[in-house]
Amino acid sequence: MSAQVEEDRVKQWESEQERLKRLLLEEDTDDWQRSPDFSGLERVGGVDLSFIKGDDMNACAQLVVLSYPDLKKVLYGDSQMVTLTAPYVAGFLAFRETPFLLQALQRLQESQPELTPQVVFVDGNGLFHYREFGLACHLGVLSGLPCVGVAKNLLQVQGVHKNEEHQSRIAALHKGGDSFPLTAASGKVLGKALRSCDKSSKPVYVSVGHKISLDTAVRLTQACCLFRVPEPIRQAAADQDDEQRVEDLKKNLFVYRIFFNHI
DNA sequence: GCGACAG
DNA sequence: ATCTTGTCGC
């Protein structure tokens, strides 16, 4: 594909982001979001695409809805192999992934609308983005659902750098829930670096996707973290066979012990 | 040439 | 995104 065609496509993507950005809501829109303990919140969703080694075309799109606040019951799960058409271009991740995440949400709407999540965690940035319209915003606006963006790596945009200053602020995050703002050159706070649990010193980067405020997004993210990555995303990112794999390991250990006992 | 580049 | 092994700690 020619450089000119790719350039034109990026231009079109930029204007599409600009168009959708006008529909973005950066504030809390639901009652449960204002509650100190999120009372009224019962279903939290997570979406993710996972790939296998040498193949960047085929992926597994997953949507998981967990019970809140326990995060223990999988109320809904959807897993679908998909073939991606758009390439990965930094700043335009949404054009590669959103169609398949939306399809998963649509399948849920058609089959079990009562299980629709009240908020969706997205792996990737929301407002913390080159043009303040990352994947979590894109999916939020197109689905109409509140979304929270959670990135595992810092995107260096709008004057935010991972320099000495940044590293020292990370070192100052001592316990789960500690955070510091990611402030753009313009002065706008685009997101927050959050130590999501006590046991992980590496923060996650939280930003507004849609229909939620940054403070609520950060507070909710911490409430949904059993480990570094929010549980809904962690489970949407997990192989379907993971549980089976754990069972196999236990079985092998059992066989192993019997073997030695008999010798 | 070097560094950046969510997933 | 995914890769691969060990290694450290509870």
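Now for a look at the structure at hand.

Cut-offs used in this document
Residues numbered from 1 in each chain as written. Chains lettered and ligands numbered in written order. Predicted model: local features only at pLDDT ≥ 70, side-chain atom pairs only at ≥ 80, totals over all residues. Heavy atoms only, no water. Near = heavy atom within 4 Å. Polar contact = N/O pair within 3.5 Å; in protein donor to acceptor, adjacent residues only side chain to side chain. Nonpolar A, V, L, I, M, F, W, Y, C, P; charged D, E, K, R; others polar. Pairing = 2+ DSSP bridges. Helix = DSSP H or I, 4+ residues; strand = E, 2+ residues; numbered from the N terminus. Axes fitted to C-alpha atoms, helices over the stretch in contact; angles between N-to-C directions. Contact = heavy atoms within 4.5 Å. Disulfide = S-S within 2.5 Å. Buried < 20%, exposed > 50% of the residue type's maximum accessible area, 1.4 Å probe, protein only. Salt bridge = Lys/Arg side-chain N within 4 Å of Asp/Glu carboxyl O. Core = buried A, V, L, I, M, F, W, Y, C linked by side-chain atoms within 4.5 Å. 1 Å grid on protein atoms, 1.4 Å probe; cavity = no way out; pocket = protein on both sides within 12 Å on 5 of 7 lines; lining within 4 Å. Points joined across faces, edges and corners; volume = space filled by probe spheres on them.

### Looking at the protein's contact with DNA strand C
Logical step 1: Neighbouring DNA strand C are the residues Ser50, Phe51, Lys53 and Lys152.
Logical step 2: Within 4 Å of the protein, the atoms of DNA strand C are drawn from sugar and phosphate moieties in a proportion of 100%.
Logical step 3: At a separation of 3.0 Å, a phosphate oxygen of DNA strand C approaches a polar side-chain atom of Lys152.
Logical step 4: Residues of the surface near DNA strand C, tallied by class, amount to one nonpolar, one polar and two charged.

### A closer look at the pairing of strand β6 (residues 179–183)
Logical step 1: Where β6 and strand β7 (residues 189–194) come together, five bridges link them in antiparallel fashion. In the strand pairing of β7, Ser179 is matched with Leu194.
Logical step 2: In this antiparallel pair of consecutive strands, β6 and β7, the connection spans five residues, and Gly187 shows a positive phi of 105 degrees.

### Things to note about the sheet that holds β7
Logical step 1: In spatial order, the strands read β3-β2-β1-β4-β5-β8-β7-β6; together these eight strands make up an open sheet with mixed pairing. Two strands bound the open sheet, and with one partner strand each, they are β3 (74–83) and β6. The sheet shows a mean angle of 25 degrees between the axes of neighbouring strands, direction not considered.
Logical step 2: This element, helix α5 (residues 164–171), spans β6 and β8 (204–210) of the sheet and lies at about 155 degrees to β6.

### As for the state of the cysteines
Logical step 1: Applying the stated rule across the entire model yields zero disulfides.
Logical step 2: Free of any disulfide, Cys137 has its nearest neighbouring cysteine sulfur in Cys147, separated by 8.7 Å.
Logical step 3: With a relative accessible area of 0%, Cys137 lands in the buried category.
Logical step 4: With no disulfide partner, Cys225 has as its closest neighbouring cysteine sulfur the one in Cys197, 6.6 Å distant.

### Considerations on the pattern of salt bridges
Logical step 1: According to the stated counting rule, one finds ten salt bridges in the structure shown.
Logical step 2: The residue Glu26 makes a salt bridge to Lys188 at a minimum N-O spacing of 3.3 Å. Of this pair, Glu26 sits in the loop between α1 (3–21) and α2 (31–34) while Lys188 sits in the loop between β6 and β7, placing them 162 residues apart in sequence.
Logical step 3: By relative accessible area, which is 29% here, Glu26 ends up partly exposed.

### Description of the nonpolar core
Logical step 1: In this structure, Leu41, Val44, Tyr68, Val148 and Leu220 are the most contacted members of the largest nonpolar core, which totals 31 residues.
Logical step 2: When contributions to this core are tallied by element, the ones reaching two or more residues are β2 (55–67), β4 (119–123), α4 (135–143), β5 (147–151), β8, α6 (214–223) and α7 (231–237).
Logical step 3: In terms of residue count, the dominant contributor to this core is α6 (four residues).
Logical step 4: Apart from the residues lying within four places of it in its own chain, the contact partners of Val44 are Val64, Val65, Leu66, Tyr68, Leu71, Pro117, Val119, Cys224 and Pro232.
Logical step 5: Counting 24 residues, the second-largest nonpolar core is a separate cluster that includes Val65, Tyr76, Leu145 and Cys147.

### Some remarks on the layout of surface pockets
Logical step 1: A volume near 550 Å³ is recorded for the largest pocket.
Logical step 2: Considering the residues around the largest pocket, the lining is formed by 28 residues, among which Tyr88, Leu93, Asp123, Gly124 and Asn125 are closest to the centre.
Logical step 3: Broken down by secondary-structure element, the contributors of at least two residues to the lining of the largest pocket are β1 (43–52), α3 (93–111), β5 and α7.
Logical step 4: Taken together, the residues of the lining of the largest pocket sort by class into 16 nonpolar, seven polar and five charged.

### Re the environment of Lys73
Logical step 1: With respect to the element layout, Lys73 can be found in the loop between β2 and β3.
Logical step 2: Separated by 46 residues in sequence, Lys73 and Glu27 have C-alpha atoms that sit 28 Å apart.
Logical step 3: Not counting residues within four places of it along the chain, the set of residues in contact with Lys73 comprises Val65, Leu66 and Ser67.

### Thoughts on α4
Each turn of an α-helix holds 3.6 residues, which means side chains three or four residues apart point in the same direction.
Logical step 1: In terms of residue burial, α4 counts as a mostly covered element, since seven of its nine residues are buried.
Logical step 2: For α4, the set of buried residues is Leu135, Ala136, Cys137, His138, Leu139, Gly140 and Val141.
Logical step 3: Of the surrounding elements, those touching the buried residues of α4 are α1, β1, α3, β4, β5 and β8.
Logical step 4: Positive backbone phi, at 80 degrees, marks Gly144, one or two positions downstream of α4.

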